Number of protein chains: 2
Amino acid sequence: MAEDTITAAVLVIGDEILSGRTKDKNIGYIAEYLTGLGIDLREVRVVPDVEEEIVGAVNALRARYTYLFTTGGIGPTHDDITADCVAKAFGVSIDVDPRAVEMLLQRMKREDLNEARLRMARIPDGAELVENPISRAPGFKLGNVIVMAGVPAIMQAMLDNVAPGLAKSEPVISETLDAAGLPEGLYAAPLAEIAKRYPGLSIGSYPSYSPAGFTNQIVARGRDRSALDQAAADIRAMVDRLRLGES
Amino acid sequence: MAEDTITAAVLVIGDEILSGRTKDKNIGYIAEYLTGLGIDLREVRVVPDVEEEIVGAVNALRARYTYLFTTGGIGPTHDDITADCVAKAFGVSIDVDPRAVEMLLQRMKREDLNEARLRMARIPDGAELVENPISRAPGFKLGNVIVMAGVPAIMQAMLDNVAPGLAKSEPVISETLDAAGLPEGLYAAPLAEIAKRYPGLSIGSYPSYSPAGFTNQIVARGRDRSALDQAAADIRAMVDRLRLGES
């Protein structure tokens, strides 16, 4: 992996994910989105709405990866503590930001802007705002940490807004080879040999199961088109050979 | 929270989740399952198929929670390194386990048990096996770490097999109150007051969005039935009052 690869982590914040009440839809979406951009997602964590857990995870992850994306906890209710936790993690102050208030006023009247709603305009000192075209309450980017909503439609719009300004590597490309009908145990040894010949690629085997039985796919991933093409040809030849029972 | 609450973390192992190729279905399932059992899921991490990442996460999480459940990386291919990483994390040896070989032989002939397939019988020293009724290759439990397959149907069967032997707390119970039609910003302040009156409960507000607009639910969770009933009544009264515009 190149030294200059752009990396990321995702931090999902919310009791409702850990209780199983809400099934997360953001991890898979962000993973696929960052891969498409050329940013390598390296780690995901889910933590509860507890200050020390959020602060600890923000500091661990922002130190380790180029970017940290958080989802959840930026609404108006008492359990929305993400912005305050991020300010604490960075050791900066946080207050109602007039730019964020202007954004809220695009959707509501000034007399409806009560104290709870003003919580959504609390932004850590030094952060850039990330626009929210749906409900207006913004996300923000502080240093390498991008703070987004938990509601998937809003999170997705925020990601679109922040993406153009991010550093990117060359996107990872991949080839998927169907190995349906071949058990993993039959091709594991020759596949390991192929993987050894292409140390710059990541080669994996992914079974899926239905009551009708298993089916497998082999995926090769990397940034070197020609190595990828060669590896894919090697894997295809191996699969064909095993299918013919010639191995 | 009681001192003797039984807690857990989940560690999802696999490049394919971080690339977005595979959308995880295990986190939400395990979260709901553990909640039903009376085990509090406190943290989730997703890491790639990289030894030092897996070993580091296993040691961080097993030290912190009553149980650690891992998913993924126990198949026969070269990228399946979970069992070896767990052995390394515990500092114990790992070898082909005759009990696991017997399980594999329930599904395949001895002459088909090649070196790759025998990888699935590599079990760290001292582990109990967790049966896999679908494809037979077992998971295992070493200390407080439960190692399961990544394929959802197999993971679910393993969870069923391991559940009876786990320590449990009294299950968390919850009440969900529909706040459709009321914006969060309108009830945030009175809800925070209610939350303050019930420090033993966790009370959250969860918006969801469709093109038709937002709808919200308020959820109270805890182990004290009478506190929960009172809090639910308070929340219902607040919602009714706000709906009548009497606030």
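The structure displayed is predicted, hence computed values, not measured ones.

1. Let's talk about the overall build of chain A
Working step 1: In terms of helices and strands, chain A carries nine helices and eleven strands.
Working step 2: Computed over its C-alpha atoms, the radius of gyration of chain A comes to 22 Å, more than 25% above the 18 Å expected for a compact globule of 247 residues.
Working step 3: If you line up chain A on its principal axes, its C-alpha atoms span 75 × 40 × 30 Å.
Working step 4: Put simply, chain A has 247 residues, and 55% of those count as buried.
Working step 5: Of all intrachain contacts in chain A linking residues separated by at least 6 positions in sequence, the fraction that spans at least 24 positions is 70%.
Working step 6: Just so you have it, chain A exposes about 10,600 Å², and 49% of that area is on carbon and sulfur atoms.
Working step 7: Computed over 26 positive and 35 negative side-chain charges, the inter-centroid distance for chain A is 1 Å.

2. A closer look at the interface of chain B and chain A
Working step 1: Facing the 58 residues of chain B at the interface are 58 residues of chain A.
Working step 2: Here chain B packs against chain A, burying approximately 4,500 Å² in sum over the two surfaces, 58% of which is carbon and sulfur.
Working step 3: Where chain B packs against chain A, one counts four salt bridges.
Working step 4: A salt bridge links A:E32 to B:K23, with the nearest nitrogen and oxygen atoms 2.6 Å apart.
Working step 5: The tally of links between chain B and chain A comes to 18 residue pairs in polar contact (both at pLDDT 80 or more).

3. Overview of the relation of the copies chain B and chain A
Turning one copy of the chain about an axis and sliding it along that axis gives the other copy, so a rotation and a shift relate them.
Working step 1: When chain B is fitted to chain A, the best match, at an RMSD of 0.0 Å, comes from turning it 180 degrees and sliding it 0.0 Å along the axis. Classification of the inter-copy transformation places it as that of a two-fold axis. Ranked by how close their C-alpha atoms come to the rotation axis, the residues of chain B are headed by B:R45, at 2.2 Å.
Working step 2: Take the interface residues of chain B: 100% of them recur as interface residues in chain A, which is what a same-surface contact looks like.

4. A word on the sheet that holds strand 9 (residues 173-178) of chain A
Residues and elements named next belong to chain A.
Working step 1: Strand order in the open sheet formed by three strands is 9-11-10, with antiparallel pairing between adjacent strands. Looking at strand neighbours, the two that pair on one side only are strand 9 and strand 10 (202-210), the edges of this open sheet. In this sheet, neighbouring strand axes are inclined to one another by 25 degrees on average, regardless of whether the strands run parallel or antiparallel.
Working step 2: Relative to strand 11 (residues 213-222), strand 10 runs antiparallel, the two sharing nine bridges. What sits directly across from S208, in strand 11, is T215.
Working step 3: Each of strand 10 and strand 11 is contacted by helix 8 (residues 184-197), which is oriented at about 165 degrees to strand 10, the strand it contacts most.

5. Re the sheet that holds strand 6 (residues 128-130) of chain A
Working step 1: Spatial strand order, 6(A)-7(A)-8(A)-3(A)-1(A)-2(A)-2(B)-1(B)-3(B)-8(B)-7(B)-6(B): twelve strands in an open sheet with mixed pairing. Looking at strand neighbours, the two that pair on one side only are strand 6 of chain A together with strand 6 (128-130) of chain B, the edges of this open sheet. Mean inter-strand twist for the sheet, computed between neighbouring axes without regard to direction, equals 20 degrees.
Working step 2: Alignment of strand 3 (residues 67-71) of chain A against strand 8 (residues 145-148) of chain A, held across four bridges, turns out to be parallel. Paired with A:T70 across the strands is A:V147, a residue of strand 8 of chain A.
Working step 3: On the sheet, helix 2 (residues 26-37) of chain A packs against strand 1 (7-13), strand 2 (40-47), strand 3 and strand 8 of chain A and is oriented at approximately 165 degrees with respect to strand 2 of chain A.
Working step 4: Packing of helix 2 (residues 26-37) of chain B onto the sheet brings it into contact with strand 1 (7-13), strand 2 (40-47), strand 3 (67-71) and strand 8 (145-148) of chain B, and relative to strand 2 of chain B it is tilted by some 165 degrees.

6. Thoughts on unusual backbone geometry
Residue and element names in this part refer to chain A.
Working step 1: Phi angles above zero are rare outside glycine, and R136 is one such case at about 80 degrees.
Working step 2: Tracing the chain through its elements places R136 in the loop between strand 6 and strand 7 (139-142).
Working step 3: For R136, a relative accessible area of 24% puts it in the partly exposed group.

7. Some remarks on the side chain of B:S169
Residues and elements named next belong to chain B.
Working step 1: Inspection of the secondary structure assignment puts S169 in the loop between helix 7 (152-162) and strand 9 (173-178).
Working step 2: Since its relative accessible area comes to 13%, S169 is described here as buried.
Working step 3: Within the structure, S169 has its side chain in polar contact with the backbone nitrogen of I6 (distance 2.6 Å).
Working step 4: For S169, the residues in contact, after removing those within four places along its chain, are D4, T5, I6, L37, G38 and R223.

8. A word on the packing of aromatic side chains
Working step 1: Under the counting rule described, the total for this entry stands at six aromatic pairs over all chains.
Working step 2: Of note, A:R62 hangs over the ring of A:F90, and the distance from its end group to the ring centre comes to 3.8 Å.

9. Observations regarding the packing of helix 2 of chain B against helix 7 of chain B
Residues and elements named next belong to chain B.
Working step 1: In the contact formed by helix 2 and helix 7, the axes pass within 11 Å of each other and the chain directions differ by 20 degrees. The orientation of helix 2 relative to helix 7 falls into the category roughly parallel. Of the two elements, helix 2 crosses helix 7, and the hand of that crossing is right-handed. Within the contact between the two elements, helix 2 uses N26, Y29, I30 and Y33 and helix 7 uses P152, M155, Q156, L159 and D160.
Working step 2: Looking at the contact of helix 2 with helix 7 residue by residue, the classes come out as six nonpolar, two polar and one charged.

10. Here's the deal with the confidence of the model for chain A
As a general rule, the predicted coordinates of low-pLDDT regions are not to be interpreted in detail.
Working step 1: The predicted model of chain A averages 95 in pLDDT, with 98% of residues at 70 or higher.
Working step 2: Here the predicted complex scores 0.95 on pTM and 0.95 on ipTM.

11. Focus: the pairing of strand 11 (residues 213-222) of chain B
Working step 1: Bridge count between strand 9 of chain B and strand 11 of chain B: six bridges; the pairing is antiparallel. The partner of B:L177 across the bridge, within strand 11 of chain B, is B:I218.

12. Comments concerning the nonpolar core
Working step 1: In this structure, A:F69, A:F140, B:F69 and B:F140 are the most contacted members of the largest nonpolar core, which totals 129 residues.
Working step 2: Not counting residues within four places of it along the chain, the set of residues in contact with B:F69 comprises B:A8, B:A9, B:V10, B:L11, B:L34, B:I146, B:M148, B:L159, B:V162 and B:L166.

13. Concerning the environment of A:I146
All names here are of chain A.
Working step 1: Mapped onto the secondary structure, I146 falls in strand 8.
Working step 2: By relative accessible area, I146 is classed as buried at 0%.
Working step 3: Separated by 83 residues in sequence, I146 and D229 place their C-alpha atoms 35 Å apart.
Working step 4: Apart from the residues within four sequence positions on either side, I146 is in contact with Y67, L68, F69, T70, F140, K141, V162 and L166.

About the criteria used
Residues numbered from 1 in each chain as written. Chains lettered and ligands numbered in written order. Predicted model: local features only at pLDDT ≥ 70, side-chain atom pairs only at ≥ 80, totals over all residues. Heavy atoms only, no water. Helix = DSSP H or I, 4+ residues; strand = E, 2+ residues; numbered from the N terminus. Rg over C-alpha atoms; globule rule 2.2 N^0.38 Å. Buried < 20%, exposed > 50% of the residue type's maximum accessible area, 1.4 Å probe, protein only. Contact = heavy atoms within 4.5 Å. Areas by Shrake-Rupley, 256 points an atom, 1.4 Å probe, with all protein chains shown as cover. Lys, Arg positive; Asp, Glu negative; His and termini not counted. Charge placed at Lys NZ, Arg CZ, Asp CG, Glu CD. Buried area = accessible area lost by both parts, 1.4 Å probe. Salt bridge = Lys/Arg side-chain N within 4 Å of Asp/Glu carboxyl O. Polar contact = N/O pair within 3.5 Å; in protein donor to acceptor, adjacent residues only side chain to side chain. Least-squares fit on C-alpha atoms with pLDDT ≥ 70 in both. Pairing = 2+ DSSP bridges. Axes fitted to C-alpha atoms, helices over the stretch in contact; angles between N-to-C directions. Phe/Tyr/Trp six-rings, centres within 6.5 Å; stacked < 30°, edge-to-face > 60°. Lys NZ or Arg CZ within 6 Å of the ring centre and 35° of its normal. Parallel < 35°, antiparallel > 145°, perpendicular 65-115°, else oblique. Left-handed = near helix turned anticlockwise from the far one by under 90°. Nonpolar A, V, L, I, M, F, W, Y, C, P; charged D, E, K, R; others polar. pLDDT = per-residue confidence, 0-100. Core = buried A, V, L, I, M, F, W, Y, C linked by side-chain atoms within 4.5 Å.

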